[in-house]
Amino acid sequence: MTLLTFRFAPSPNGELHLGHAYSALLNQQMAARAGGRLLLRIEDIDVIRCTPEFEAGIFRDLEWLGLHWERPVRRQSEHFAQYQAVLDRLIAEDLVYPAFMSRGEIRAFIAETGNRGRGWPRDPDGVPLYPPLDKALPASERKRRIAENMPFAWRLDVEAAMARAPGALSWTEFTDETMSATRAIEAQPQDWGDVIVARRDVPTSYHLAVVVDDALQGVSHVVRGRDLYSATGVQRLLQELLGLPVPRYFHHRLILGPDGRKLSKSFKDTGVAALRQAGMSPQDVARLVGL
Ligand code: GLU
């Protein structure tokens, strides 16, 4: 029998806060109850914002919290060649296109549409969807712009991708952390429009690296915050296009700050290191997040 495999996948672009502590400890608890494995993955594709210092802080905080994970740890920045190979497949299959518009150009384009851009579709995070102009560029024009070194990102042609993915896209979501019941969730990748799957200089994006790694590492259970719930639709679509196995998911509650808002990495008071320095024990932290 293959063991159930869980993972905690932080990005070393800031310090861990209570929300991360909850996610890590919940993964550990669920893996232990299932007699499964727990992996730690460092999601550091953003080579500018991610630093060795933040990474060292993550290891220190997780060890202090009492997390036990398998070695070696997968560090995404060490596997760009693997992501490039997957990206090359998407390029060869015409499922991605180079997108050249800057944020300012997108804003300007949308403002010029009827109604001063009101009614322009936005993604679940409130960001306006990418305009359809670049998708229609002739190959010669794309080549010319790339040869001229124009900045661009590889975006998924979600319409073409949906047409290619057979049948209804759904995923299995556990209803709670006991994993005793599940429900099927219909994926809505089109809500995100043509998402970025890679950058010019980094051959992947968060979505692409996550689905590639979850498959490569044999992750069977993805347990992460509700803030990533609808992103799962995009990831399901990529799994389908790439023929990757589909894990089961549980999107857990978020730990909110005193102001009722989602915690952020700049929110110093709820940093795990700050709580430790203030004299809290790992048990105090676990209690604080309701575990
Ligand atoms: N690296 C992501 C984050 O820190 C989590 C990715 C995931 O769990 O799928 O928000």
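The structure we're discussing is the one just above.
Read on for a plain summary of the structure. Please read these numbers as outputs of a predicted model, since none were measured by experiment. (Residues numbered from 1 in each chain as written. Predicted model: local features only at pLDDT ≥ 70, side-chain atom pairs only at ≥ 80, totals over all residues. Heavy atoms only, no water.)

Right, let's talk about the packing of aromatic side chains for a bit. One pass over the structure, following the stated rule, counts 7 aromatic pairs. Considering the side-chain rings of F100 and F152, the 5.8 Å spacing of their centres and the 55° angle between planes classify their relative orientation as tilted. Of this pair, F100 sits in the loop between β4 (96–99) and α4 (103–112) while F152 sits in the loop between α5 (139–147) and β5 (153–156), placing them 52 residues apart in sequence. For F100, a relative accessible area of 7% gives the class buried. By the ring-pair criterion, three or more aromatic residues cluster together here, those being F100, F152 and W154. (Phe/Tyr/Trp six-rings, centres within 6.5 Å; stacked < 30°, edge-to-face > 60°. Helix = DSSP H or I, 4+ residues; strand = E, 2+ residues; numbered from the N terminus. Buried < 20%, exposed > 50% of the residue type's maximum accessible area, 1.4 Å probe, protein only.)

The biggest cluster of nonpolar side chains holds 37 residues, and the ones touching the most others in it are L156, V197, L208, L237 and L238. Counting residues per element, the ones that place at least two in this core are α3 (80–92), β5, α6 (158–164), β8 (196–199), α7 (206–216) and α8 (231–242). With 5 residues, α8 is the largest single contributor of residues to this core. Setting aside residues up to four positions removed in sequence, L238 forms contacts with L90, L156, V197, H207, L208 and V211. Within the second largest apolar cluster, 30 residues are counted, among which are F6, A21, V223 and F250. (Core = buried A, V, L, I, M, F, W, Y, C linked by side-chain atoms within 4.5 Å. Contact = heavy atoms within 4.5 Å.)

For the ligand, the full set of nearby residues is R7, A9, P10, S11, E43, Y206, R224 and L228. Between a nitrogen atom of the ligand and a side-chain N or O atom of S11, the distance comes to 3.2 Å. Contacts to the ligand include E43, whose side-chain N or O atom sits 2.6 Å from a nitrogen atom. Looking at side-chain class alone, the shell around the ligand contains 4 nonpolar, 1 polar and 3 charged residues. (Near = heavy atom within 4 Å. Polar contact = N/O pair within 3.5 Å; in protein donor to acceptor, adjacent residues only side chain to side chain. Nonpolar A, V, L, I, M, F, W, Y, C, P; charged D, E, K, R; others polar.)

Let us look at the layout of surface pockets. The calculated volume of the second largest pocket comes to roughly 180 Å³. Looking at the second largest pocket, the residues that line it are W120, P121, L129, Y130, P131, P132, K135, V158, E159, G193 and D194. Split by residue class, the lining of the second largest pocket holds 7 nonpolar, 1 polar and 3 charged. (1 Å grid on protein atoms, 1.4 Å probe; cavity = no way out; pocket = protein on both sides within 12 Å on 5 of 7 lines; lining within 4 Å. Points joined across faces, edges and corners; volume = space filled by probe spheres on them.)

Let us look at the environment of K143. Mapped onto the elements, K143 comes out in helix α5. Put simply, K143 and L208 are 65 residues apart on the chain and 24 Å apart in space, counted from C-alpha to C-alpha.

This part takes up helix α1 (residues 18–33). The terminal C-alpha atoms of α1 lie 22 Å apart, and with 16 residues this matches the ideal 22 Å at 1.5 Å per residue to within 8%. α1 sits mainly inside the fold: 13 of its 16 residues count as buried. (Expected span 1.5 Å × (residues − 1).)

Before going further, it helps to examine unusual backbone geometry. Negative phi values dominate among residues other than glycine, just as trans dominates among peptide bonds. The omega torsion across R71 and P72 is -5°, close enough to zero to call that bond cis. Along the chain, P72 turns up in the loop between α2 (52–65) and β3 (74–75). The residue D94 is not glycine, and still its phi comes out positive at about 60°. Examined against the element boundaries, D94 turns out to sit in the loop between α3 and β4. On the accessibility criterion, D94 (56% relative accessible area) is exposed. Residue M179 is not a glycine yet carries a positive backbone phi of 60°. Relative to the helices and strands, M179 resides in the loop between β6 (170–174) and β7 (182–186).

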